[in-house]
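Architecture at a glance
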Amino acid sequence: MAQASRTVAVMNSAAVQLVNKRVSDLDDYQTVAEAAIFYRTGQYTLDDAAKADLDKLAALALSTDGYMIEIAGYASKTGTKAANQQLSEDRAAAVANYLRNHGNIPMRRILAPAGYGATHHDAENTDPQGRELNRRVDVKLMVNKGLQGAM
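Remember, it's a predicted structure, so these values are computed and weren't measured experimentally. (Residues numbered from 1 in each chain as written. Predicted model: local features only at pLDDT ≥ 70, side-chain atom pairs only at ≥ 80, totals over all residues. Heavy atoms only, no water.)

**Considerations on the sheet that holds strand β4 (residues 136-144)**
- The four strands are arranged β1-β4-β2-β3 in an open sheet whose pairing can be described as mixed. Since the sheet does not close on itself, it has two edges, and those belong to β1 (29-38) and β3 (114-115), each with one partner.
- Where β1 lies against β4, nine bridges are found, and the strand directions are antiparallel. By the bridge assignment, Ala36 is partnered in β4 with Asp138. (Pairing = 2+ DSSP bridges. Helix = DSSP H or I, 4+ residues; strand = E, 2+ residues; numbered from the N terminus.)

What follows is the structure, given as structure tokens:
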């Protein structure tokens, strides 16, 4: 009887540790897929290549349990700080709207799209190639690590 009680206690302890791990992972996400959407200077309209990339990401999202999508828009340093901020927000919103309207992604699955202006550049803004890389929206398909154990 004592051995059986000890076995149950060990199993309960392991189950409690597993639950604690899952709860502590609830604010931690694993990136499953990413897309970078690039724009011409001063634009926030999606081109055909961007739409194709977003279609692929949406299809993968819809086949993934417990997903979230993070959208972050950026701009190069051409233009004013206020204009770049607005442009980055418009770019992020364009991606979110496309995913919702054409990819059938529910808005509850999209984290608040954010525009960061020219604050997080991928490349130097001193030449045309660098500025081109900075005119983008980064899209991440993520799964909550705490929920993955339940799947």
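**Focus: the packing of helix α2 (residues 48-62) against helix α3 (residues 81-101)**
- Their axes nearest at 10 Å, the elements α2 and α3 cross at an angle of 55 degrees. Regarding the angle of α2 to α3, the classification is oblique. Seen along the crossing, α2 lies across α3 with a hand that is right-handed. Of the residues in α3, those in contact with Lys51, Leu54, Asp55 and Ala58 of α2 are Val95, Tyr98 and Leu99.
- Broken down by class, the residue content of the contact of α2 with α3 amounts to five nonpolar, no polar and two charged. (Axes fitted to C-alpha atoms, helices over the stretch in contact; angles between N-to-C directions. Parallel < 35°, antiparallel > 145°, perpendicular 65-115°, else oblique. Left-handed = near helix turned anticlockwise from the far one by under 90°. Contact = heavy atoms within 4.5 Å. Nonpolar A, V, L, I, M, F, W, Y, C, P; charged D, E, K, R; others polar.)

**Quick look at the side chain of Thr64**
- Mapped onto the elements of the fold, Thr64 is located in the loop between α2 and β2 (67-73).
- Given the relative accessible area of 16%, Thr64 is considered buried.
- In terms of polar contacts, Thr64 uses its side chain to reach the backbone carbonyl oxygen of Leu60, at 2.7 Å. (Buried < 20%, exposed > 50% of the residue type's maximum accessible area, 1.4 Å probe, protein only. Polar contact = N/O pair within 3.5 Å; in protein donor to acceptor, adjacent residues only side chain to side chain.)

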